[in-house]
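Structural overview
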Amino acid sequence: MTDPTPAAAPFRERRAMTTTSGAQRREILFEFAYQGSVVRVSAIDPYTNTEVSMVGDPRLTEASLKAAALRKLKYVLRRDGKLP
């Protein structure tokens with residue numbers, strides 16, 4: 001008998017936080033996908049439908065992984081003119 005769950009499926013976890021950007025408050029969604037020796041972190045701005053991803057060390061704290069993904073998201077939003 002075979003196990004119906006795939007062994008290679010990454011563990012995914014979604015979390016949300018509210019961040020302040022100037023005078024504007026936004027909800028940012030974070031997704032953590034643990035894949036062996038790395039964790040893939042996605043940061044999503046639902047207001048602009050912008051998503052960025054990065055790969056990090058799973059031994060780092062959740063706060064440091066979120067901070068890095070948030071910095072990248074802010075960079076992309078500014079680059080695209082969606083954030084002042």
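Residues numbered from 1 in each chain as written. Predicted model: local features only at pLDDT ≥ 70, side-chain atom pairs only at ≥ 80, totals over all residues. Heavy atoms only, no water.

As for the confidence of the model for the protein chain
- Mean pLDDT over the protein chain works out to 84, with 71% of the residues at or above the 70 mark.
- By mean pLDDT, the top-scoring element of the protein chain is strand β4 (residues 50-56) (98), and the lowest-scoring one is strand β1 (residues 11-21) (63).
- This stretch, residues 1-7, has a pLDDT under 50; its non-local contacts, to residues over four places away or in other chains, come to zero contacts. (pLDDT = per-residue confidence, 0-100. Helix = DSSP H or I, 4+ residues; strand = E, 2+ residues; numbered from the N terminus. Contact = heavy atoms within 4.5 Å.)

Here's the deal with the pairing of β4
- Residues Thr50, Val52, Met54 and Gly56 line the buried face of β4, whereas the alternating positions Glu51, Ser53 and Val55 sit on a face that is not buried.
- Relative to β4, strand β3 (residues 38-45) runs antiparallel, the two sharing seven bridges. Across the sheet, isoleucine 44 pairs through a bridge with glutamate 51, a residue of β4.
- Here β3 folds back onto β4, and the loop between the two strands holds four residues, one of which, asparagine 49, carries a positive phi near 55 degrees. (Buried < 20%, exposed > 50% of the residue type's maximum accessible area, 1.4 Å probe, protein only. Pairing = 2+ DSSP bridges.)

Let's talk about unusual backbone geometry
- Phi is positive for asparagine 49, which is not a glycine, with a value near 55 degrees.
- Following the sequence through the fold, asparagine 49 ends up in the loop between β3 and β4.
- For asparagine 49, a relative accessible area of 68% puts it in the exposed group.

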